[in-house]
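Okay, here's what each chain looks like letter by letter:
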Amino acid sequence: MIKWIKRIFLASIIIGLAGIGTIITIYYQVKTDLPDVASIKDIRLQVPMKVFSIDGELISQFGEKRRIPLTIEEIPEKLIQAFIATEDSRYYQHYGIDPIGIIRAAMVYASTGTAKQGASTITQQVARNFFLTREKTFIRKIKEIFIAIQIEQILSKDEILMLYLNKIYLGHRSYGVGAAAQVYYGKTVSELTLSEIAILAGLPKAPSHLNPIYSPENAKNRRNTVLARMLDESYITQSKYEETVNSPITATYHGAEITLSAHYVAELARSKLVELYGEERSYNDGFNVYTTINKLSQEAANKALINNLHEYDKRHGYRGASKKLWEAPANNWSGKEITASLQTQPNFGDLQPAVVIEVNEKSIKVISKHNEGKIQEITWDGLSWARPFISDSAQGDEPEKAADIVAVGEQIWVRQIGKVLELSQYPDASAAFVSLNPQDGAITSLVGGFSFVQSKFNRATQAKRQVGSNIKPFIYSAALDNGYTLATLVNDAPITQWSGSKAWRPKNSPEVYAGPIRLRRGLGQSKNVVSVRLVQDLGIEKVINQLGKFGFNKEELPHSYSIALGSASITPLELVTGYAIIANGGFKIEPYIIERIEDAYGTVLYQTSPKIVCRYCTRLYEKQYSTEKLFIEQIKEGGITDLCSISPVSEEQIAPSAISEETAFLTRELLNSAVFGGGNWQHKTGWNGTGWRASRDLDRKDIGGKTGTTNDSKDAWFSGYVGNTVATSWVGFDNFDRDLGRASYNNNLDKEQRYGGEFGAVTALPAWIEFMQDTTASEPAIFPEKPMSITTARIDLATGLLTYKTDYTTRFEYFKNGSVPSEYVEQRAFIKEDDSKGKKTAEDELF
């Protein structure tokens, strides 16, 4: 007996030594093929780029894999227990491999000749997911074991578990439990129920076969298996098991939880990230990009642009159905056929496709894409606008019945307006809208077109269009820098300028002339010939240099007198930046749209340091005062106590002066008159500014802005500010040969009076007004502080001279120190009367 025990013991030693020798031999055979396991410490999970608004709304996501990286502390204990119970119940006891599982897998392999049994620990799965393929071969299994052992020596159990739960594939492009919770339930992991946790824990075995959306029965069986394992391991009670095992499967697909529509902004952020980090890192390193736009402004801009384009389109008539599906009454399609056809059609903006199934006298019935096959009615209120489109400047007669507009079997476009469904169409015209904060250049909203799906061309940043009268405030600022005042008279009369045998005759629009008028009224009523006279007097080079101060590229500006009428081609973003410089008191801010970039775990990698308006900081840095003490004394004499609301701030971050604060203040006054007009209506001397609709619709006084319309109405603009928001609205066709035409825009007038041209105040201003109504209604009024070097004096409205009167023919006007008129209109009248005996009068000198 002892002899046999010795033999068995000796045999065991030999077998053990042989086994060790075999393992050593195998190790050295595969050693050269083993990866550097230490690199797992530096592994970067493939996480998509996410783009957010400044207030945390998700705008877009870029990347093939969906993953939400989580720390071990962020993962609920029950979720961890579910995976451990199902995948590796002895996880915290072993050192990377489970000998019992390996022996079981080896026995299956020996008996069948195939590697059907896995028995991989969680650590082995980490080894396979990060370093190996999923092929089931003996050599791959050996490599997996060696790598797993090394991983256990390098990382803690919690670190391994965190990698596993963030890396594992769980179906529907979701990698890791964070993404899977979002995809299947639209929740964070902390919000998951026990049933939902068990569903996720059962997915690693076969994500497609056990998918709770497409295979709910398979998923339920697997869930119950997971719950049974959790019960066996005492992670849940019997009562909790029985309660959960009978609960229904509730998973539904949830796409990326986009909470704010800003496709053009997302594309700007994506292209910037690719520029900074390259495509591979941008799409896989989990960057979180926070943009400067905010939800309130962006949603308002989206709505304003879309509504305005639809209103323009309705004025010009209905272009007909997008296609004819069948000829009524024969071959009528079934509801199921209609629904199936609609599901193949795209959506654009707020439009959805629909099919007409019934036409009544004053209404129609349709099935639309988003209404799950249900029949909806469009009443006459949603149809009556649809006069036939003939051309951009001609429309047919108003329809009398629904059959004049549509027919059964036609596929049309519809849009929901509140509770009313309306017939619509995809707008032919294009538009752009952009707003920013004039104090630091942060872009608060940006829309580059009606639909990013239809056209990815960003008209807000890429479309260089002629700006028309939107250029005039910058020209007037040049005049104010060169001796002109708001009271200076300029002759509003026709001009003929000869160049050889050719004559250039710029005209007002409308062709009404008032003779000598003050500069304030010249801009307020957008007098073209006044603008031309200013450029003629100042000289083209002086005007070009002034425009350069506002950030416009001087090399791209036309070096001709046509610049006075806005022949310069400028993008909406460039234009709104120029208006921001006027609005902020003359400081050259730089527009920006990326506020910061973070990695997947919230570490800030990039932070924008914008140029910030700091009025008194700038004056100090520009050394306009000999000492800081003198500077402070000077401004306190003017009643200023708050030197800089953003102090302390570095000199490099201070926005430099583009124009003087005096010129900026006076230019804002001009823009105020373009909205509020002037004169006295009671005494029939009143006049409207071209932007008068803004003063009518916005109940506040801190408004300034300017309309713009180009030759033949190819471009319509409105740019301006309310309080601390500056915005530009543009409408036009992408096709430069097509103009905005003429249309009926006031059905309350007689038929022959209804038609009018499309211009800035009608075509672009409504979007600007709607945006400002939605974004500034609750904001307090902000009025510019009058510079200490600006004074006021009462002037005569007709001559711009000083006056002793205080009636409706006068007003107080602002002047730079030293530019107040030295003459009173009453003195001139006295001189004229005294010198009536043939002497030259002061009035003769003026005119």
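Everything numeric here is computed off the predicted structure, so don't read it as measured data.

## Some words on unusual backbone geometry
- With an omega of 5°, the peptide bond running from Ser509 to Pro510 counts as cis.
- Inspection of the secondary structure assignment puts Pro510 in the loop between β17 (502-504) and β18 (515-518).
- The phi angle at Asp712 is positive, at roughly 60°, despite the residue not being glycine.
- Assessed through its relative accessible area of 59%, Asp712 is described here as exposed.
- The residue Ser713 is not glycine, and still its phi comes out positive at about 55°.
- With respect to the element layout, Ser713 can be found in the loop between β22 (703-709) and β23 (715-722).
- Judged by its relative accessible area of 16%, Ser713 falls in the buried class.

## Quick look at the side chain of Asp440
- Residue position: Asp440 is located in the loop between β12 (430-436) and β13 (443-447).
- Put simply, Asp440 is tucked away with no salt bridge, and the nearest opposite charge, on Arg596, sits 12 Å away.
- Within the structure, the side chain of Asp440 is placed 3.2 Å from the side chain of Tyr592, a separation counted as a polar contact.
- Once residues within four sequence positions are removed from consideration, Asp440 is found in contact with Ile589, Glu590, Tyr592, Pro610, Lys611 and Ile612.

## A word on the pairing of strand β21 (residues 604-607)
- The sheet contact formed by strand β20 (residues 594-598) and β21 spans three bridges and is antiparallel. Looking at β21, one finds that Arg596 is bridged to Gln607.

## With respect to the sheet that holds β13
- One open sheet accounts for five strands, arranged β13-β12-β24-β23-β22; its pairing is antiparallel. A single partner strand is all that each edge strand has here, and the edge strands are β13 and β22. The average undirected angle you get between the axes of adjacent strands in this sheet is 5°.
- Strand direction decides the pairing type here: β12 and strand β24 (residues 725-732), joined by seven bridges, are antiparallel. Each residue of the ladder has a partner; that of Val434, found in β24, is Thr728.

## A closer look at helix α7 (residues 177-185)
- The element α7 is extensively covered by neighbouring structure, given that nine of its nine residues are classed as buried.
- The complete set of buried residues in α7 reads Val177, Gly178, Ala179, Ala180, Ala181, Gln182, Val183, Tyr184 and Tyr185.
- Those residues of α7 that are buried are in contact with α2 (77-87), α6 (157-167) and α8 (194-202).

## Looking at the confidence of the model for the protein chain
- In this model, the protein chain carries a mean pLDDT of 85, and residues with pLDDT of at least 70 account for 84%.
- Contacts for the low-pLDDT stretch residues 26-32, under 50 throughout, to residues beyond four places or in other chains number seven contacts.
- Contacts of residues 837-847 to residues separated by more than four positions or lying in other chains number eleven contacts, the stretch itself having pLDDT below 50.

## Considerations on the sheet that holds β20
- The strand order across the open sheet formed by five strands is β2-β1-β3-β20-β21, and the pairing between neighbours is mixed. Looking at the sheet topology across the chains shown, the edges are occupied by β2 (58-62) and β21. With direction set aside, neighbouring strand axes in the sheet form an average angle of 15°.
- Relative to β20, strand β3 (residues 288-291) is paired through four bridges, and the arrangement is antiparallel. Opposite Tyr290, over in β20, you have Arg596 as the bridge partner.

## Focus on the environment of Ile199
- Within the secondary structure layout, Ile199 lies in helix α8.
- Residue classification places Ile199 among the buried positions, given a relative accessible area of 4%.
- Considered as a pair, Ile199 and Ala82 are 117 residues apart in the sequence and their alpha carbons are 9.5 Å apart.
- Residues in contact with Ile199, not counting those within four places in the same chain, are Tyr185, Pro212, Ala219, Arg223 and Ile249.

## A short note on empty space enclosed by the protein
- Under the definition given, this model contains four cavities of 30 Å³ or more.
- When its volume is computed, the largest cavity comes out at roughly 50 Å³.
- The wall of the largest cavity is formed by Lys464, Gly551, Phe552, Asn553, Glu556, Leu557, Ser569, Ile570 and Glu574.
- Class assignment for the residues of the lining of the largest cavity results in three nonpolar, three polar and three charged.
- Space inside the second largest cavity adds up to approximately 40 Å³.
- In terms of lining residues, the second largest cavity is bounded by Leu305, Asn308, Leu309, Ala431, Ala432, Phe433, Ser729, Trp730, Val731 and Ala767.
- Its residues assigned to classes, the lining of the second largest cavity comprises eight nonpolar, two polar and no charged.

## Topic: the side chain of Ser673
- Relative to the assigned elements, Ser673 resides in helix α21 (residues 661-676).
- Polar contacts involving the side chain of Ser673 include one to the side chain of Arg520, which spans 2.8 Å.
- Once residues within four sequence positions are removed from consideration, Ser673 is found in contact with Arg520, Gly524, Trp687 and Gly689.

## Digging into helix α14 (residues 472-480)
- The buried count for α14 comes to nine of nine residues, which makes it a mostly enclosed element.
- Buried within α14 we find Lys472, Pro473, Phe474, Ile475, Tyr476, Ser477, Ala478, Ala479 and Leu480.

## Some details on the pattern of salt bridges
- Under the defined criterion, the tally for this structure stands at 32 salt bridges.
- Linking Asp350 and Arg415 is a salt bridge whose minimum nitrogen-to-oxygen distance equals 2.8 Å. You can see Asp350 sitting in the loop between α13 (335-342) and β5 (352-359) and its partner Arg415 sitting in strand β10 (residues 410-417), a full 65 residues away along the chain.
- On the accessibility criterion, Asp350 (26% relative accessible area) is partly exposed.
- Arg696 is paired through a salt bridge with Asp697; the nearest N and O atoms lie 2.9 Å apart.
- By relative accessible area, which is 30% here, Asp697 ends up partly exposed.
- By sharing partners, the salt bridges in this structure join Glu311, Lys314, Asp350, Arg415 and Glu422 into a single network.

## Side note on a negative patch on the surface
- Taken together, the side chains of Glu73, Glu74, Asp158 and Glu159 make up a negatively charged region of the molecular surface.
- Here Glu159 shows up in helix α6.
- A relative accessible area of 38% means that Glu159 is categorised as partly exposed.

## Observations concerning the packing of aromatic side chains
- Counted according to the given criterion, the structure contains 20 aromatic pairs.
- An angle of 90° between the planes, with centres 5.0 Å apart, marks the rings of Tyr264 and Phe452 as edge-to-face. With Tyr264 in helix α11 (residues 263-284) and Phe452 in the loop between β13 and β14 (465-466), this pair connects stretches of sequence that are 188 residues apart.
- Judged by its relative accessible area of 15%, Phe452 falls in the buried class.
- When the ring of Phe718 is compared with that of Trp768, the centres are 4.8 Å apart and the planes differ by 65°; the resulting orientation is edge-to-face. Here Phe718, found in strand β23, pairs with Trp768, found in helix α24 (residues 765-776); they are 50 residues apart in sequence, far enough to count as distant.
- The exposure class of Phe718 is buried, given its relative accessible area of 0%.
- The class for Trp768 is buried, based on a relative accessible area of 0%.
- Taking the ring centre of Tyr290 as reference, the NZ or CZ of Arg596 above it sits at 3.9 Å.
- Directly above the aromatic system of Phe812 lies the positively charged group of Arg794, at a separation of 4.3 Å from the ring centroid.

Rules used in this analysis
For every chain, the first residue of the written sequence is number 1, and numbering continues from 1 onward in sequence order. Given that this is a predicted model, residues contribute local features only at a pLDDT of at least 70 and side-chain atom pairs are listed and counted only at 80 or more, while totals for whole chains, interfaces and linings are drawn from all residues. Excluding hydrogens and water, the side-chain values take into account all heavy atoms of the structure. Under the scheme used here, helices are H or I runs from DSSP no shorter than 4 residues and strands are E runs no shorter than 2 residues, and both carry numbers assigned from the N terminus. For each residue, the accessible area found with a 1.4 Å probe, counting protein chains only, is set against the maximum for its type, and the residue is called buried under 20%, exposed over 50%, and partly exposed in between. In this charge count, Lys and Arg are treated as positive and Asp and Glu as negative; neither His nor the chain ends contribute. In what follows, salt bridge is the name for a side-chain nitrogen of Lys or Arg lying within 4 Å of a carboxyl oxygen of Asp or Glu. By the criterion applied in these results, polar contacts are pairs of N or O atoms within 3.5 Å in which, for protein atoms, one can donate a hydrogen and the other can accept it, and in which residues neighboring in sequence qualify only through two side-chain atoms. The contact criterion used throughout is that any non-hydrogen atoms of two residues lie within 4.5 Å. The criterion for strand pairing is that DSSP finds at least two bridges linking the strands in question. For helices, the axis comes from a line fit to the C-alpha atoms of the stretch in contact; other axes are also lines fit to C-alpha atoms, and the angle between any two N-to-C directions lies between 0 and 180 degrees. pLDDT gives the predictor's per-residue confidence on a scale running from 0 to 100. Here the term cavity refers to a set of points on a 1 Å grid, laid over the protein atoms alone, in which a 1.4 Å probe fits but cannot get out; the term pocket refers to an open set having protein on both sides within 12 Å along at least five of seven lines, with lining residues being those that place an atom within 4 Å of a point. Grid points are joined across faces, edges and corners, and a volume is the space filled by probe spheres set on the points. For this scheme, ten residues count as nonpolar: Ala, Val, Leu, Ile, Met, Phe, Trp, Tyr, Cys and Pro. Four count as charged, namely Asp, Glu, Lys and Arg, and the remainder, Gly too, count as polar. Residues with no salt bridge and a relative accessible area higher than 30% make up the patches, which join like charges within 9 Å and nonpolar side chains (Val, Leu, Ile, Met, Phe, Trp, Tyr) within 5 Å. Method for areas: the Shrake-Rupley scheme with a 1.4 Å probe, in which residue coverage is limited to the protein chains shown. By convention, the charge on Lys lies at NZ, on Arg at CZ, on Asp at CG and on Glu at CD. Each Phe, Tyr or Trp ring (for Trp, its six-membered ring) is paired with any other whose centre lies within 6.5 Å, and the angle between the two planes then decides the class: stacked below 30 degrees, edge-to-face above 60, tilted in between. Lysine NZ or arginine CZ positioned within 6 Å of the ring centre and within 35 degrees of the ring normal marks a charge as sitting over the ring.

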